[in-house]
Amino acid sequence: MGLLLLLTSVLFYSYMGSMTGVDAQSRFTIRSISLSLEPGENVTRDTKVTVRCSAVVSSSGVQPLSREYTIYKDGIVVYSKTTSSTEDLLYVLSHARVSYTGKYKCKISIEGKSQSSEARRLTVTGLSPPVLQIDQTMLSEGEELQATCTAPGETGSIIFYFYEDLKEKREERVNTDQVKVAFPLSGPGHHTIQCSYTVLIPPDSIVSENSHSVHVSVRELSIVPVLEISPQYKVYEGDQLSMSCGVRDIYHHFDSVLVYLSQGMNMLKSGQTKVNHTMTVLAKDEAEFECRLEAGKVVKAVTKVVPVTELFSVPTLTMNPEEVFQKELMKLICKSDEIASERLSSEDLTYAIDPPQMHLEEKKRGEFSGKALAVEFNYSCIARAKGILKHSRTLTVRPKVAVSIPKISVVDRAIIGKPFKIRCKSDNGSLPINYTLISDYKQVSMVTVSIPSEEALFNVTVNKPKDIRKFFCEARNGQQQSQLSRSLDATVIEPVSQPLLTVIPSPSETTEGSNLIFICSIRGTPPVTFKVYRYGKDEPVFTRTSAENNTNFEFPKLAKDDSGIYYFEAFNHANNIVISDPVNIQVRLAMWKKIVIGSFCLLALCVLVVVCVLCYKTHRATRAVDRTTVSVWTERPPQASEENSVVSNEPDVEYTEVVHPRSADPARAPLKKGTDTVYSELQKSPHGEADPHPYGSVEYADLNGEQPDMNNYPLNHYHHELPVPVD
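If you're wondering where the values come from, they're calculated on a predicted model, not measured in any experiment.

**Q** Got a minute to help me understand the overall build of the chain in this structure?
**A** From N to C terminus, the chain includes 4 helices and 54 strands. Considering the chain as a whole, with its 727 residues, one finds that 35% of them fall into the buried category. Contacts in the chain between residues at least 24 apart in sequence constitute 61% of all its contacts with a sequence separation of at least 6. For the chain, the computed accessible surface area is about 44,700 Å², with 52% contributed by carbon and sulfur atoms.

Written as structure tokens, this is what we have:
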């Protein structure tokens, strides 16, 4: 039970602690933070600059918050502080320096929350002038100058420069405002020393002005190198030269003196105090000699030039003739153009081919003859006299390969009436090769091929297929006999022409359900592509490439919708398109459809005739028209109608005019004087006898006379005089 109580307490306090942390984090918020530079973003050297970091934090508690401020310059932390104050953080730069130039940013952190301000750039201008200090202004040759350059009050990464007579002598990079260096001066005499510095502010740098000048004098030492050469004048190749290199006036304070004798880049001899050397000189050797001494840090040198005259010049190797074919006779000539006759005779000079060749013999002095090899070969010659050997430059002999019989062909296609190219090419033969195109034994044109990538191409035109066989080409690459090709054998394409479109069966016999055949023919070289089109359609109805100059297309089971105007296009490799004359195809109805339609038309005509007859009869029966009064229809008694119907189906009809008096109804309008006329249709006997109607036979009665007042007549009398109305 106690363990359970302890566990419950631990969980309760853990929960309360977490809730307290949540409350602490939720009781404040960082609203904004900003950074400002005072008095401004552009200041001069030694200005007091204040970097102000202002943060706006909203909180609900009474306990002050712990704020951690960090100030960055170009992304590097330069200042940080933790405070509970709500006032702005101030970072003071009491004496601004150029090295303070950069972008500054402020950051605040409170209990895990942080926020940064926008960056502001501070620019400081103005450098302090450099100060130069020299330890000694009087030096002896070989001593080093001790110099100190100072940039008062400057900070950051600084590069110092030291100058001797306005020429840069030394460079040192440090992180302080001062540097001290030691360096030797260039030689005896008076020299002017200056310094300057550069403050590095990546990616820029600011250079100061030069310091004041300090004059330094260097006293020359009396020690000098001595070079002696014998003989020094009128020296020829093969002569012996004797040389010595030493020093004069050695002071006792030098522990050792080293001397070096050299010829150009070649060290001949070295040693203490003095050295001697003997050599045979050649004209090709560099005739400048140097004697150099080193005593401590003192270095001095002296040079002499000895002119050397050639006994004979470097030989030249040439070939005669300049071009030679394989296995042809050639001659190599080796000769020195210049000979020192006062020292050497022509008989003392001998020549040889290098390397020695068994196929070449020396016919005369310096002339070697033989047959050229089948492959290229490098030759040189050697001229020899008094132990001196001189080699000529290498001569590469490339025996030319005789041109082979050229092959003639057509590039792409030959089309009648259009320009095309003919190619001439030999499989073997040294360049350059001259190709000549000949037609009908007459020269057409010539092309010279000088590099392997070139081709001999000729533009020609033919008007007949047989003209192609008149071309052949000639190849020549030297004085040898030229080579002729065979005559050109190639297919000549005749452009398509004379298109003809034939339709089977005839367009007038085309009916639904039948098959239609288009026969397309042209004149020209196959293969030919045929395309059948229908007016109003962009896509062809049929397309076919034929190996002949004609083809046919079958249109099976024609329908009424297949009617239209048809034509075809044709083209071959000549790429010219011809169009045939159009053919109008009208697909007519099938015969059984015509019969059905005719039957229906005949039936409709019959029905129309019957309807017309019935209408006519109905019209005859209803011609009585009521004008203003009610129509009265009188018909025979049934017995009479039945009797007459036996005799005739169409009885005679008569009309009678019956007068109906106006009604005496006082509610109606008063009657006008006069009568209304009513027609009644009466039938006669077919035999001409009067109809046995009780009213008698009346053909027509005009009752339009003056009528008495109808009100004086009794009503029964009125009904007695009138026939019985028919409803």
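**Q** Even after reading the chapter, I still don't get the confidence of the model for the chain, so can you show me in this structure?
**A** Predicted coordinates in regions of low pLDDT should not be interpreted in detail. The pLDDT averaged across the chain works out to 80; a share of 80% of its residues lies at or above 70. For the stretch residues 1–7, pLDDT sits under 50, and the model shows 0 contacts to residues farther than four places along the chain or on other chains. This model gives residues 10–26 a pLDDT under 50, and the stretch forms 2 contacts once residues within four places in sequence are excluded.

**Q** I tried to follow the sheet that holds strand β45 (residues 497–504) on my own but got confused; where do I start?
**A** What links the strands of a sheet is backbone hydrogen bonding, and the strands pair in either a parallel or an antiparallel sense. The sheet built from 3 strands is open, its strands ordered β45-β46-β49 with antiparallel pairing. Whereas interior strands pair on both sides, the edge strands pair on one side only; in this sheet they are β45 and β49 (550–555). Pairwise comparison of adjacent strand axes, ignoring direction, gives a mean angle of 15° for this sheet.

**Q** Explanation requested: the state of the cysteines in the structure shown.
**A** Simply put, disulfide is the name for a covalent bond between the sulfur atoms of two cysteines. Applying the stated criterion to the full structure yields 4 disulfides. Across the disulfide from cysteine 245 sits cysteine 291; the S-S distance is 1.7 Å. As the torsion about the S-S bond is roughly 80°, the cysteine 245-cysteine 291 disulfide counts as right-handed. With a gap of 46 residues between them, cysteine 245 in strand β21 (residues 240–248) and cysteine 291 in strand β25 (residues 288–295) connect regions that are remote in the sequence. Classification of cysteine 291 as buried rests on a relative accessible area of 0%. Through a disulfide, cysteine 334 is tied to cysteine 381; the S-S separation comes to 2.0 Å. Linking cysteine 334 and cysteine 381, the disulfide has an S-S dihedral of approximately 70° and is accordingly described as right-handed. Of this pair, cysteine 334 sits in strand β29 (residues 329–335) while cysteine 381 sits in strand β33 (residues 377–385), and the two are 47 residues apart along the sequence.

**Q** Can you help me understand the pattern of salt bridges in this one?
**A** Note on pairing: side chains with opposite charge can pair once their charged atoms come close. If you walk through the whole model with that rule in mind, you get 27 salt bridges. Ionic pairing is found between lysine 73 and aspartate 74, a salt bridge with its closest N-O pair at 3.4 Å. Overall, lysine 73 belongs to the buried group, its relative accessible area being 18%. Counted as one network, the salt bridges with shared partners bring together Arg45, Asp46, Arg97 and Glu154.

**Q** Hey, could you run me through the side chain of arginine 534 in this one?
**A** Within the element layout of this structure, arginine 534 appears in strand β47 (residues 528–534). No salt bridge is formed by the buried arginine 534; the nearest opposite charge belongs to aspartate 562, separated by 4.8 Å. With near-sequence residues (within four places) excluded, arginine 534 lies in contact with Val541, Asp561, Asp562, Ser563, Gly564, Ile565 and Tyr566.

**Q** Please explain the sheet that holds strand β23 (residues 266–272) as it appears in this structure.
**A** Read across the open sheet, the 4 strands follow the order β23-β22-β25-β26; overall the sheet is antiparallel. Pairing within the sheet leaves two strands with one partner each, and these edge strands are β23 and β26 (298–305). Within the sheet, the average angular offset between the axes of one strand and its neighbour, ignoring direction, is 15°. For β25 and β26, the ladder comprises 8 bridges, and the chain directions are antiparallel. Across the sheet, the residue bridging to alanine 295 is valine 298, located in β26.

**Q** How should I be thinking about the packing of aromatic side chains in this particular structure?
**A** In this description, an aromatic ring pair is defined by two values, namely the gap between the centres and the angle between the planes. With the rule as written, the count across this model stands at 12 aromatic pairs. With centroids separated by 5.3 Å and ring planes inclined at 15°, the aromatic side chains of phenylalanine 542 and phenylalanine 553 adopt a geometry described as stacked. Of this pair, phenylalanine 542 sits in strand β48 (residues 542–546) while phenylalanine 553 sits in strand β49, placing them 11 residues apart in sequence. The pair phenylalanine 542 / phenylalanine 553 is uniform in exposure class, with both members buried.

**Q** So what exactly am I meant to see when it comes to the pairing of strand β38 (residues 420–425) here?
**A** The alternating pattern of β38 places Phe420, Ile422 and Cys424 on a buried face, while none of Lys421, Arg423 and Lys425, on the opposite face, is buried. Note: strand β36 (residues 407–411) against β38, 5 bridges, orientation antiparallel. The partner of isoleucine 408 across the bridge, within β38, is cysteine 424. In the sheet, β38 pairs with strand β41 (residues 456–460) via 5 bridges, with the strands oriented antiparallel. Residue pairing for β41: phenylalanine 420 is matched across the bridge by valine 460.

**Q** Looking at this model, I keep getting lost on a nonpolar patch on the surface. Mind explaining?
**A** There is a patch of nonpolar side chains on the surface, built from Leu602, Leu605, Leu608, Val609 and Val613 and spanning about 460 Å² of accessible area. Considering the arrangement of structural elements, one finds leucine 602 in helix α2 (residues 591–621). The class of leucine 602 is exposed, set by a relative accessible area of 53%.

**Q** It is not clear to me how unusual backbone geometry should be interpreted in this structure. Could you clarify?
**A** Peptide bonds are mostly trans, and most non-glycine residues show a negative phi. Omega for the peptide link from isoleucine 504 to proline 505 comes to -5°, which places this bond in the cis form. Inspection of the secondary structure assignment puts proline 505 in the loop between β45 and β46 (516–523). With an omega of 0°, the peptide bond running from proline 526 to proline 527 counts as cis. Here proline 527 lies in the loop between β46 and β47. A positive phi angle, close to 65°, is found at tyrosine 441, a residue other than glycine. Looking at where tyrosine 441 falls in the secondary structure, it is placed in the loop between β39 (433–439) and β40 (442–449). Judged by relative accessible area, which is 70%, tyrosine 441 ranks as exposed.

Basis of the calculations
Residues numbered from 1 in each chain as written. Predicted model: local features only at pLDDT ≥ 70, side-chain atom pairs only at ≥ 80, totals over all residues. Heavy atoms only, no water. Helix = DSSP H or I, 4+ residues; strand = E, 2+ residues; numbered from the N terminus. Buried < 20%, exposed > 50% of the residue type's maximum accessible area, 1.4 Å probe, protein only. Contact = heavy atoms within 4.5 Å. Areas by Shrake-Rupley, 256 points an atom, 1.4 Å probe, with all protein chains shown as cover. pLDDT = per-residue confidence, 0-100. Pairing = 2+ DSSP bridges. Axes fitted to C-alpha atoms, helices over the stretch in contact; angles between N-to-C directions. Disulfide = S-S within 2.5 Å. Salt bridge = Lys/Arg side-chain N within 4 Å of Asp/Glu carboxyl O. Lys, Arg positive; Asp, Glu negative; His and termini not counted. Phe/Tyr/Trp six-rings, centres within 6.5 Å; stacked < 30°, edge-to-face > 60°. Patch = residues over 30% accessible without salt bridge, like charges linked within 9 Å, V, L, I, M, F, W, Y side chains within 5 Å.

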